[in-house]
Amino acid sequence: MTSSPTRWVALLRGINVGRAHQLGMPQLTALLTGRGYGNVRTHLRSGNVVLESTTSESELVTDLEQAIEKEFGFAVPVVVRTAEELAAVIAGDPFAEIATDPARYLVTFLPSPPAPDRVDALPPVGDGGGDYLVRGRELYLWLPDGIANTPLAAWKWDRLLGVTGTGRNWNTVTRLGELVAG
């Protein structure tokens, strides 16, 4: 007896930025469909994929990373969330009252939670504006003056948290929530 498939969002890190690591969404869709994933859809060119699979999270990440590297010739870190996990991220929006521009509100999806001591050691926001919150495997960043002009955006989050993730603005997060919900 096979289990029913889980609806997943796969977030690819660092593709289609500049000339390096170009990856076509039609080719990615064909690759993943050919590997047996169901209802494969992409959103934008920044590496957002909705699919169905009966594999575990770790098996899914490993398979996606290996298939992409073999097909496209470069390594792409992948972070995944189930439909339910993404719905919880959206429902638990910690900055709903202050984040007035969804294009300046980012969620960085981490493959694993950062160590509590690293989170506890994060510096205060300071005078540059904005705010952040680490909750579980997500880093929420409110950057009211934009990525280029809010000092908080320049922090070396990978180094501070000890975990490398991939970020999406709130517009993309909510759209992916709609797509993965059905």
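Look up a bit, the structure's there.
Residues numbered from 1 in each chain as written. Predicted model: local features only at pLDDT ≥ 70, side-chain atom pairs only at ≥ 80, totals over all residues. Heavy atoms only, no water.

Peer 1: Just to check I follow, could you spell out the overall build of the chain for this structure?
Peer 2: On a plain count of helices and strands, the chain comes out with six helices and eight strands. Tracing the chain from N to C terminus, the helices and strands come up as β-α-β-β-α-β-α-β-α-β-β-α-β-α. Against the compact-globule benchmark of 16 Å for 182 residues, the chain has a radius of gyration of 17 Å, which places it among compact chains. Considered along the principal axes of its C-alpha atoms, the chain spans approximately 55 × 40 × 30 Å. Relative to its 182 residues, the chain shows a buried fraction of 42%. Pairs at least 24 residues apart make up 69% of the contacts formed inside the chain by residues separated by at least 6 positions. By element, 52% of the accessible surface of the chain is carried by carbon and sulfur atoms, the whole surface being about 9400 Å². Side-chain charges in the chain split into 16 positive and 20 negative, and the spacing between the mean points of these groups amounts to 7 Å. (Helix = DSSP H or I, 4+ residues; strand = E, 2+ residues; numbered from the N terminus. Rg over C-alpha atoms; globule rule 2.2 N^0.38 Å. Buried < 20%, exposed > 50% of the residue type's maximum accessible area, 1.4 Å probe, protein only. Contact = heavy atoms within 4.5 Å. Areas by Shrake-Rupley, 256 points an atom, 1.4 Å probe, with all protein chains shown as cover. Lys, Arg positive; Asp, Glu negative; His and termini not counted. Charge placed at Lys NZ, Arg CZ, Asp CG, Glu CD.)

Peer 1: What am I meant to see in unusual backbone geometry here?
Peer 2: Note: most residues except glycine have negative phi, and most peptide bonds are trans. Phi at Asn 39 takes a positive value of approximately 45°, unusual for a residue other than glycine. Along the chain, Asn 39 turns up in strand E2 (residues 38-43). Of note in the backbone geometry, Leu 44 takes a positive phi value of approximately 60° without being a glycine. Mapping Leu 44 onto the fold places it in the loop between E2 and strand E3 (48-53).

Peer 1: Just checking my understanding: could you explain the sheet that holds strand E6 (residues 131-135) for this structure?
Peer 2: Where strands meet in a sheet, backbone hydrogen bonds hold them as pairs that are either parallel or antiparallel. Reading across from one edge, E6-E7-E5-E8 is the order of the four strands in this open sheet, with antiparallel pairing throughout. One side of each edge strand has no neighbouring strand; the edge strands of this open sheet are E6 and strand E8 (166-169). Across the sheet, the mean angle from the axis of one strand to that of its neighbour is 20°, orientation sign disregarded. Where strand E5 (residues 105-109) meets E8, four bridges bridge the pair, whose relative direction is antiparallel. By the bridge assignment, Val 107 is partnered in E8 with Arg 168. Packing against the sheet, helix H6 (residues 170-181) makes contact with E5, strand E7 (138-142) and E8, and its axis sits at approximately 90° to E8. (Pairing = 2+ DSSP bridges. Axes fitted to C-alpha atoms, helices over the stretch in contact; angles between N-to-C directions.)

Peer 1: Would you explain helix H1 (residues 25-34) in this entry?
Peer 2: Spacing of three or four residues puts side chains on the same side of an α-helix, whose turn is 3.6 residues. Buried within H1 are the following residues: Met 25, Leu 28, Thr 29, Leu 31 and Leu 32. Each buried residue of H1 lies within a common arc of 165° when the element is viewed along its axis, so the set occupies one face. Residues of H1 that are exposed and point more than 90 degrees away from the buried face comprise Pro 26 and Gly 34. In the core, the buried residues of H1 are packed alongside strand E1 (6-12), E2, E3 and helix H2 (57-72). Downstream of H1 by a residue or two, Gly 36 has a phi angle that is positive, lying close to 95°. (Arc of directions from axis to C-beta.)

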